[in-house]
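If you want the building blocks of each chain, they are given just below.
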Amino acid sequence: GAGVSQSPSNKVTEKGKDVELRCDPISGHTALYWYRQSLGQGLEFLIYFQGNSAPDKSGLPSDRFSAERTGGSVSTLTIQRTQQEDSAVYLCASGPSWADNEQFFGPGTRLTVL
Amino acid sequence: AQKITQTQPGMFVQEKEAVTLDCTYDTSDPSYGLFWYKQPSSGEMIFLIYQGSYDQQNATEGRYSLNFQKARKSANLVISASQLGDSAMYFCAMRASSNTGKLIFGQGTTLQVKP
């Protein structure tokens, strides 16, 4: 596809379970970002990848959150032992480089923790 | 600290009129970028317009223009000839860091266009 894709689109889980969220960036984009949007709020930065490395993880809210990127392409955000406050829409964005004048966003994954 | 402020939680505009959405920012970096995104009820984030801190002219993209006042640290979005499809949440964002490109977002403004 031409755009950023994310899966699943919706995820409902029970408190304490682990979840994995996937992001497929636009082909050739080296910069990849994860953001979180809580209900009615702005977007909160989580982590930035340049290629397979993550030079900026400053937005990860706790050590329950981790992310990896393989092959300079697909990225997975993992949340361990989910809590109700983790409920949010998780958005992935990619760009040709960090300095690009545009970040292209995916449709997001809506996570609900019961 | 770097910050984006959008002071208008909600705005109304009559169809075919122009509307200005306010955005102020705070940063000590001499080089930065300012973005506006549109988020319809479907949830997708749609890029609208970009302004670099060193750009001499205000950015324009079709019906969207960015009123950049560097001294006042404001980057207001102007939508001309509003359409019903412009009803959405609008976010102002700043590229905060010179080496990661991460965006800091404001809280957003909900725009409703009246027929």
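As shown above, the structure is provided for reference.
About the criteria used
Residues numbered from 1 in each chain as written. Chains lettered and ligands numbered in written order. Predicted model: local features only at pLDDT ≥ 70, side-chain atom pairs only at ≥ 80, totals over all residues. Heavy atoms only, no water. Helix = DSSP H or I, 4+ residues; strand = E, 2+ residues; numbered from the N terminus. Rg over C-alpha atoms; globule rule 2.2 N^0.38 Å. Areas by Shrake-Rupley, 256 points an atom, 1.4 Å probe, with all protein chains shown as cover. Core = buried A, V, L, I, M, F, W, Y, C linked by side-chain atoms within 4.5 Å. Buried < 20%, exposed > 50% of the residue type's maximum accessible area, 1.4 Å probe, protein only. Contact = heavy atoms within 4.5 Å. Disulfide = S-S within 2.5 Å. Pairing = 2+ DSSP bridges. Axes fitted to C-alpha atoms, helices over the stretch in contact; angles between N-to-C directions. 1 Å grid on protein atoms, 1.4 Å probe; cavity = no way out; pocket = protein on both sides within 12 Å on 5 of 7 lines; lining within 4 Å. Points joined across faces, edges and corners; volume = space filled by probe spheres on them. Nonpolar A, V, L, I, M, F, W, Y, C, P; charged D, E, K, R; others polar. Buried area = accessible area lost by both parts, 1.4 Å probe. Salt bridge = Lys/Arg side-chain N within 4 Å of Asp/Glu carboxyl O. Polar contact = N/O pair within 3.5 Å; in protein donor to acceptor, adjacent residues only side chain to side chain.

Asks: Please give an account of the overall build of chain B that cites residues and values.
Replies: Scanning chain B from terminus to terminus reveals zero helices and 12 strands. The order of helices and strands in chain B, counted from the N terminus, is β-β-β-β-β-β-β-β-β-β-β-β. For 115 residues, the compact-globule formula gives about 13 Å, and the C-alpha radius of gyration of chain B, at 14 Å, lands near that figure. With respect to the principal axes defined by its C-alpha atoms, chain B has extents near 45 × 30 × 20 Å. Within the structure as shown, chain B displays about 5,500 Å² of accessible surface, and the carbon and sulfur contribution to it stands at 47%.

Asks: Tell me what's going on with the nonpolar core, and back it up with residues and numbers.
Replies: Note that soluble globular proteins tend to have their nonpolar side chains buried in a common cluster. All names here are of chain B. The biggest cluster of nonpolar side chains holds 25 residues, and the ones touching the most others in it are Tyr-25, Leu-34, Trp-36, Ile-49, Leu-77, Tyr-90 and Leu-111. Taken together, the elements giving at least two residues each to this core come down to strand 2 (10–14), strand 3 (19–21), strand 5 (33–39), strand 6 (46–52), strand 8 (64–69), strand 9 (74–79), strand 10 (88–95) and strand 12 (109–114). Here Leu-77 is in contact with Val-19, Thr-20, Leu-21, Trp-36, Leu-48, Ile-49, Tyr-64, Ser-65 and Tyr-90, once residues within four sequence places are set aside.

Asks: Go over the state of the cysteines with me, naming the residues and quoting the values.
Replies: Per the stated rule, a full pass over the model turns up two disulfides over all chains. Paired by a disulfide, Cys-23 of chain A and Cys-92 of chain A hold their sulfur atoms 1.9 Å apart. Because the sign of the S-S torsion sets the handedness, a value of about -65° for the bond joining Cys-23 of chain A and Cys-92 of chain A places this disulfide among the left-handed ones. A residue pair is termed long-range when its members are at least 10 positions apart, and Cys-23 of chain A in strand 3 (residues 19–24) and Cys-92 of chain A in strand 9 (residues 88–95) qualify at 69 residues. Residues Cys-23 of chain A and Cys-92 of chain A agree in their burial class; the two are buried. A disulfide bridge connects Cys-23 of chain B with Cys-92 of chain B, and the sulfur atoms are separated by 2.0 Å. Of note, the bridge from Cys-23 of chain B to Cys-92 of chain B carries an S-S torsion of about -65° and is left-handed in sense. With a gap of 69 residues between them, Cys-23 of chain B in the loop between strand 3 and strand 4 (24–26) and Cys-92 of chain B in strand 10 connect regions that are remote in the sequence. The burial state of Cys-23 of chain B is the same as that of Cys-92 of chain B; both residues are buried.

Asks: Would you mind going over the sheet that holds strand 8 (residues 75–79) of chain A in detail, with residue names and values included?
Replies: Residue and element names in this part refer to chain A. Spatial strand order, 1-3-8-7: four strands in an open sheet with antiparallel pairing. A single partner strand is all that each edge strand has here, and the edge strands are strand 1 (5–7) and strand 7 (65–69). On average, each strand axis in the sheet is inclined to that of its neighbour by 15°, with strand direction left out of account.

Asks: Can you lay out the layout of surface pockets for me, pointing to particular residues and giving the numbers?
Replies: Here the largest pocket defines a volume of roughly 470 Å³. Lining of the largest pocket is provided by 24 residues; of these, Gln-37, Val-89 and Arg-110 of chain A together with Gln-39 and Gly-43 of chain B occupy positions nearest its centre. Contributions of two or more residues to the lining of the largest pocket are made by strand 9 and strand 11 (109–113) of chain A together with strand 10 of chain B. Of the residues forming the lining of the largest pocket, the biggest block, four residues, is contributed by strand 11 of chain A. Considering only residue class, the lining of the largest pocket consists of eight nonpolar, 15 polar and one charged.

Asks: Before we move on, could you go through the environment of Asp-18 of chain A and cite the residues and values that matter?
Replies: All names here are of chain A. Along the chain, the position of Asp-18 falls in the loop between strand 2 (10–13) and strand 3. With relative accessibility at 48%, the residue Asp-18 sits in the partly exposed group. Taking the C-alpha atoms as reference points, Asp-18 and Tyr-90, separated by 72 residues in sequence, lie 15 Å from one another. Setting aside residues up to four positions removed in sequence, Asp-18 forms contacts with Ile-79, Gln-80 and Arg-81.

Asks: Give me the lowdown on the interface of chain A and chain B, citing residues and values where you can.
Replies: Taken together, the contacts link 18 residues of chain A with 18 residues of chain B. Of the roughly 1,600 Å² buried between chain A and chain B, counting both surfaces, carbon and sulfur atoms make up 53%. Linking chain A to chain B there are one salt bridge. Lys-102 of chain B serves as the salt-bridge partner of Asp-56 of chain A, at 3.3 Å between the closest nitrogen and oxygen. Between chain A and chain B we count six residue pairs in polar contact (both at pLDDT 80 or more) in total. Here the side of chain A that touches chain B is composed, by residue class, of nine nonpolar, six polar and three charged.

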